[in-house]
Amino acid sequence: MAPDVEKIIQSISLGDQDAVQLLLDSYNTQYTECFFFNTEAQERKKQQRLEEFRKNKIRDCASNSDSDIDSDDERPNLLLREDLAAALLCFVGGQLQAAVLRACLHTLRILSRDRRALGPMVTDSALLTLTHLGGINLLQPSQQQDKTKIQDQCDRAQTQIHEKETSGSHGAADSDQRCAVSFSECHSFNRRGNVGHLVLAPGKKDAREDDSEEDGKVDDGEMCRKEAMKVLCNIIYNSPLARERASTLRLLQGLWESLKQGIWSGAPPTGQFYKLRLLFLLTALRPELRLQLQQERGVFVLTSALEQCLVLRWANGNQLITDSTPPPVSKEVSQDVIEILKTIFNVAHRFYRQEPDEEEATLYRRLAAVLRHCLLLSCDGADTMEELQGHTVNILSALPLTCLDVLLAVPVGQASHKYEGVNMDCVHALLLFMDRRLNRGQKLKEKLTPVLSLLTESSRVHRETRHYLRQKILPPLKDVAVRPEQDSTLRGQLVRLMTHVDTDVKDCAAELLFVLCKENVSRFVKYTGYGNAAGLLAARGLLNGRRNSGDGQFTCHYSSDSDSDTEEYRQVRSKINLVTGRVEAEQPDPMEGMTEEQKEEEACRLICMINRLSQDQIIQPMGVTRDGRLAPLWGHMRSCTEEKEEEEEVYEEEEQGLSSMPQGLKDKTMK
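Since the structure is predicted, the reported quantities are computational estimates derived from the model, not experimental observations. All residue numbers refer to position in the chain's written sequence, counted from 1. Two thresholds apply to this predicted model, a pLDDT of at least 70 for residue-level local features and 80 or more for giving and counting side-chain atom pairs, whereas whole-chain, interface and lining totals are computed over all residues. Water and hydrogen atoms play no part in the side-chain values, which are based on all heavy atoms of the structure.

1. Considering the overall build of the protein
Move 1: Check the secondary structure of the protein and you find 29 helices and six strands.
Move 2: Partitioning the contacts of the protein with sequence separation of at least 6, the portion at a separation of at least 24 is 75%.
Move 3: Accessible surface, the protein as shown: approximately 35,700 Å² in total, 49% of it carbon and sulfur. Comment: elements are numbered from the N terminus, with helices defined as DSSP H or I runs of at least four residues and strands as E runs of at least two. Here, two residues are considered to be in contact whenever any of their heavy atoms come within 4.5 Å of each other. Method for areas: the Shrake-Rupley scheme with a 1.4 Å probe, in which residue coverage is limited to the protein chains shown.

In structure tokens:
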């Protein structure tokens, strides 16, 4: 039986906590995994549209989202949910039993999933209430002294890192002070549609929810703070208006101070997950907050948070002390690390290919060392490890290239993979990560392009990385009986992407292979086939086979090591079709037995057919210009013809000038 929302509201107005808890427990049990409430109306609408489509064979252009279906029958229920949310927000401001408060916040979390019922939750008083219940103190003028103390502590720690000193201990944080907020007045709001809100995917469930709620060791206060933070995360995610008000209310400052107090306290980071998630949402959805966090030295503080979560110990310089067989990282710690990595990317992605100053370079190298450790971690669950490595790769691809030398500057002693005297564990982990993403073949632009870009740029600046990747991806050719794109190796998978429909994916795959070939056109064609390589060569102006040294964007200096061909390749080199990249079966000559006149007639017929297709704009014949780029063939031929005509005119003028000279002078000139 569906819970009576009006009865819940009435019990809230009477202040009967026991009755409210009983009714809300029933409500929460029924809707705990519900993300859209008007399921019956949705089914009726879908059935009606299906019948209309079968009858008229015409589908109206309508939104595909189930949450956009709002019938007249659903409107009263929507208003009741808004009234329930408003009543609960007033109710939680009073002195409630812990169990009652937790039930109220659980109900608010369920209601906050429906973007149409967010009206009461996006007011300033509602956001302040939830912020206070979540353990976030919005800074008041009287608290600026505490903020200054924490900032001074942050500055001292960063100075120690900049001077490359060991920073193993931090001072204690200031005591937690709560700001006084009045909750005596009920929350007023306007009933209006929240147009343009993001919507949670139906059926998506927090992976941490079951573990946290089944853990009986967590006290009620901590559980209530987590529930309040979950409500805030839903509201911020679903409502642009709430994000705007949160920015105005300086929610980020209070959240940031709360996180910094936990970091500098030196205590194990517990219960910070939803604060970290809220920080990620605010910086992901509000650009000005990203800039603000950057100015608050967010990268440094979050790097310290990573070190604390992973319990890292530093040796000399940017080298970490690691165990030979470290235990897998727990799921809880992995989730915290993932949220921190996502926030770091929000702040640091703007620094790509920027030249950092000395202080920034020191910080980014330290971050790169931590990220290298993250890349080599083992976690509880393959999916968790895959997600953690994915976010790690995203940040590495955004860091300045000059700071990535830390990935290789590791002692070779305990390396599982080494090449030319360099520790290649990190590069090998990136290679395996790329292989897994290639095999999955889903969302290639979002999932694959970051690691392709990272490997490409690393290969450009680090000779050892390029040699190792070339050994794994482009080993010396032996079997040239199959086309490159039909090969099952890493080379074949990347060559297949060179003709992908997504331009970014295609360019990234081609760029990596081109760099591994040291940007040598003939070697690139050898491993990929001219047909697959034509796209990159045309974009670079290399169709004529020459290196385009004038384009500074792609200028790079490579070593002079030669390409070693196998004996098998040398034996069939002359038989390889350069367009397909393999040895083709011998085909009969189509002009065998034809006379020269018949061949000329066939050529004229072919030219006429091409001319007709070109005039009808079905095809456009192209030719390669002197600078190695494609241009319309007729225009190119016309320019060549004009040049020849000009040369002939100059020659005729010279002949006429000579003919008008006296014979004696002409003889002297001819000499």
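Don't stop here, the text continues.
2. As for the layout of surface pockets
Move 1: A cavity here means a set of 1 Å grid points, computed over protein atoms only, where a 1.4 Å probe fits but cannot escape. A pocket is an open set with protein on both sides within 12 Å along at least 5 of 7 lines, and lining residues have an atom within 4 Å of a point. Grid points are joined across faces, edges and corners, and a volume is the space filled by probe spheres set on the points. Reported here for the second largest pocket is a volume of approximately 1,200 Å³.
Move 2: Forming the boundary of the second largest pocket are 43 residues, of which Thr322, Asp323, Pro326, His373 and Leu376 lie nearest the centre.
Move 3: If you list the elements that add at least two residues to the lining of the second largest pocket, you get α14 (298-310), α16 (358-375), α17 (382-398) and α18 (425-440).
Move 4: Of the residues forming the lining of the second largest pocket, the biggest block, five residues, is contributed by α18.
Move 5: Residue classes follow a fixed rule: Ala, Val, Leu, Ile, Met, Phe, Trp, Tyr, Cys and Pro count as nonpolar, while Asp, Glu, Lys and Arg count as charged, and any other residue, Gly among them, counts as polar. Grouping the constituent residues of the lining of the second largest pocket by class yields 24 nonpolar, 14 polar and five charged.

3. A few points about α17
Move 1: Spanning 17 residues, α17 covers 25 Å between terminal C-alpha atoms, matching the ideal 24 Å at 1.5 Å per step.
Move 2: Three exposure classes are used, based on accessible area relative to the maximum for each residue type with a 1.4 Å probe and protein chains only: buried under 20%, partly exposed in between, and exposed over 50%. Extensive coverage of α17 is indicated by the burial of twelve of its 17 residues.
Move 3: Three or more residues of α17 are buried, namely Thr384, Glu386, Leu388, Gln389, Gly390, His391, Thr392, Val393, Ile395, Leu396, Ser397 and Ala398.
Move 4: Where the residues of α17 are buried, they touch α15 (331-348), α16, α18 and α20 (449-461). Helices are assigned an expected span. That span is 1.5 Å times one less than the residue count.

4. Looking at empty space enclosed by the protein
Move 1: Counted by the stated rule, this structure contains seven cavities of 30 Å³ or more.
Move 2: Each pocket or cavity is described by its volume, and for the second largest cavity that value is around 60 Å³.
Move 3: At the level of elements, α18 and α20 are the ones that each hand at least two residues to the lining of the second largest cavity.
Move 4: Looking at side-chain class alone, the lining of the second largest cavity contains six nonpolar, three polar and no charged residues.

5. As for the nonpolar core
Move 1: Leu278, Met434, Ile473 and Leu494 are the most contacted members of the largest nonpolar core, which has 150 residues in total.
Move 2: Of all the elements, α16 adds the most residues to this core, at ten residues.
Move 3: If sequence neighbours within four positions are ignored, Leu494 has contacts with Met434, Leu438, Leu452, Ile473, Ala509, Leu512 and Leu513. The nonpolar core is taken to be a set of buried Ala, Val, Leu, Ile, Met, Phe, Trp, Tyr and Cys residues, with the residues joined through side-chain atoms within 4.5 Å.

6. Concerning the packing of aromatic side chains
Move 1: Aromatic rings from Phe, Tyr and Trp, with only the six-membered ring used for Trp, were paired whenever their centres fell within 6.5 Å, and each pair was classed as stacked if the ring planes differed by under 30 degrees, edge-to-face if by over 60, and tilted otherwise. Following the criterion strictly, the structure yields four aromatic pairs and no others.
Move 2: With 4.9 Å between their ring centres and 85° between their planes, Phe273 and Tyr274 make a pair best called edge-to-face.
Move 3: The ring of Phe280 has Lys342 sitting right over it, with the charged end atom 4.3 Å from the ring centre.
Move 4: Over the face of the ring belonging to Trp314 we find Arg366, whose NZ or CZ atom lies 4.1 Å from the ring centre. In this scheme, Lys NZ or Arg CZ marks a charge over a ring once it lies within 6 Å of the ring centre and within 35 degrees of the ring normal.

7. Section: unusual backbone geometry
Move 1: Even without being glycine, Arg297 reaches a positive phi, approximately 55°.
Move 2: Structurally, Arg297 can be placed in the loop between α13 (287-295) and α14.
Move 3: Not every positive phi belongs to a glycine, and Lys518 is a case in point at roughly 55°.
Move 4: Along the chain, Lys518 falls in the loop between α23 (503-516) and α24 (521-528).
Move 5: Looking at Lys518, the relative accessible area reads 7%, which means it is buried.

8. Brief notes about the pattern of salt bridges
Move 1: Here, a salt bridge means any Lys or Arg side-chain nitrogen found within 4 Å of an Asp or Glu carboxyl oxygen. Overall, the coordinates contain 27 salt bridges when judged by the stated rule.
Move 2: A salt bridge links Arg109 to Glu227, with the shortest nitrogen-to-oxygen separation between them at 2.9 Å. Placement of Arg109 in helix α5 (residues 98-111) and of Glu227 in helix α9 (residues 220-238) is noted, with a sequence separation of 118 residues between them.
Move 3: Here Glu222 ties to Arg225 by a salt bridge, and the two come within 3.1 Å at their closest N and O atoms. Residue Glu222 and its partner Arg225 are located together in helix α9, separated by three residues, close to a single helical turn.
Move 4: Taking relative accessible area as the criterion, Glu222 reaches 19% and is therefore assigned buried.

9. With respect to a negative patch on the surface
Move 1: A cluster of acidic side chains, namely Asp357, Glu358, Glu359 and Glu360, defines a negative patch on the protein surface.
Move 2: Turning to its location among the elements, Glu359 is positioned in helix α16. Exposure above 30% relative accessible area and the absence of a salt bridge qualify a residue for a patch, where like charges join within 9 Å and nonpolar side chains (Val, Leu, Ile, Met, Phe, Trp, Tyr) within 5 Å. Think of it this way: Lys and Arg go in the positive column, Asp and Glu in the negative one, and His and the chain ends go nowhere. Where a charge lies is defined by one atom per residue type, namely NZ (Lys), CZ (Arg), CG (Asp) and CD (Glu).

10. Concerning α20
Move 1: End to end, α20 covers 19 Å across 13 residues, agreeing with the expected 18 Å (1.5 Å per residue, within 8%).
Move 2: Residues Thr449, Pro450, Val451, Leu452, Leu454, Leu455, Thr456, Glu457, Ser458, Ser459 and Arg460 constitute the buried set of α20.

11. Quick notes on a nonpolar patch on the surface
Move 1: Together, Leu606, Ile610, Leu613, Ile618 and Ile619 make up a nonpolar patch on the protein surface, roughly 420 Å² of accessible area in all.
Move 2: You can see Ile619 is positioned in the loop between α27 (596-615) and β5 (622-624).
Move 3: Given a relative accessible area of 37%, Ile619 falls into the partly exposed group.

12. A look at the side chain of Thr123
Move 1: Here Thr123 lies in the loop between α5 and α6 (124-133).
Move 2: On the basis of relative accessible area, Thr123 is assigned to the buried category, the value being 14%.
Move 3: Within polar-contact distance, the side chain of Thr123 engages the backbone oxygen of Pro120 at 3.4 Å. Polar contacts here mean pairs of N or O atoms no more than 3.5 Å apart (in protein, one a potential hydrogen donor and the other a potential acceptor; neighbouring residues in sequence count only if both atoms are side-chain atoms).

13. A look at the environment of Leu448
Move 1: Within the secondary structure layout, Leu448 lies in the loop between α19 (444-447) and α20.
Move 2: If near-sequence neighbours (up to four positions away) are discounted, Leu448 is found in contact with Met434, Arg437, Leu438, Lys443 and Leu497.

14. Side note on the state of the cysteines
Move 1: Two cysteine sulfurs form a disulfide in these notes if their separation is within 2.5 Å. Going through the model one piece at a time under the given rule, you end up with zero disulfides.
Move 2: Cys104 takes part in no disulfide bond, and the closest cysteine sulfur to it belongs to Cys224, at a distance of 9.3 Å.

15. Regarding the environment of Val412
Move 1: One can find Val412 in the loop between α17 and β1 (418-419).
Move 2: Those residues in contact with Val412 that sit more than four places away from it in its chain are Lys418, Gly421, Val422 and Asn423.

16. A short note on the packing of α17 against α20
Move 1: To obtain an axis, a line is fitted to C-alpha atoms, over the contacting stretch when the element is a helix, and the angle between two such axes runs from 0 to 180 degrees between their N-to-C directions. Relative orientation of the contacting elements α17 and α20 amounts to 45°, with a least axis distance of 9 Å. Regarding the angle of α17 to α20, the classification is oblique. Between α17 and α20 lies a crossing of left-handed hand. Of the residues in α20, those in contact with Val393, Asn394, Leu396 and Ser397 of α17 are Pro450, Val451 and Leu454.
Move 2: Along the lines of polarity and charge, the residues of the contact of α17 with α20 split into five nonpolar, two polar and no charged. Relative orientations are named as follows: roughly parallel for angles under 35 degrees, roughly antiparallel for angles over 145 degrees, roughly perpendicular for angles from 65 to 115 degrees, and oblique for any other angle. Here is the rule for handedness: rotate from the far helix to the near one, and if that takes an anticlockwise turn smaller than a right angle the crossing is left-handed, while a clockwise turn gives right-handed.

17. Remarks on the confidence of the model for the protein
Move 1: Each residue carries a pLDDT value, the predictor's own confidence for that position, ranging from 0 to 100. In this model, the protein carries a mean pLDDT of 79, and residues with pLDDT of at least 70 account for 74%.
Move 2: Counting contacts from residues 140-150, a segment whose pLDDT is below 50, to residues more than four positions away or on other chains yields 16 contacts.
Move 3: The low-confidence segment residues 164-188 (pLDDT under 50) makes 47 contacts with residues lying over four places distant or belonging to another chain.

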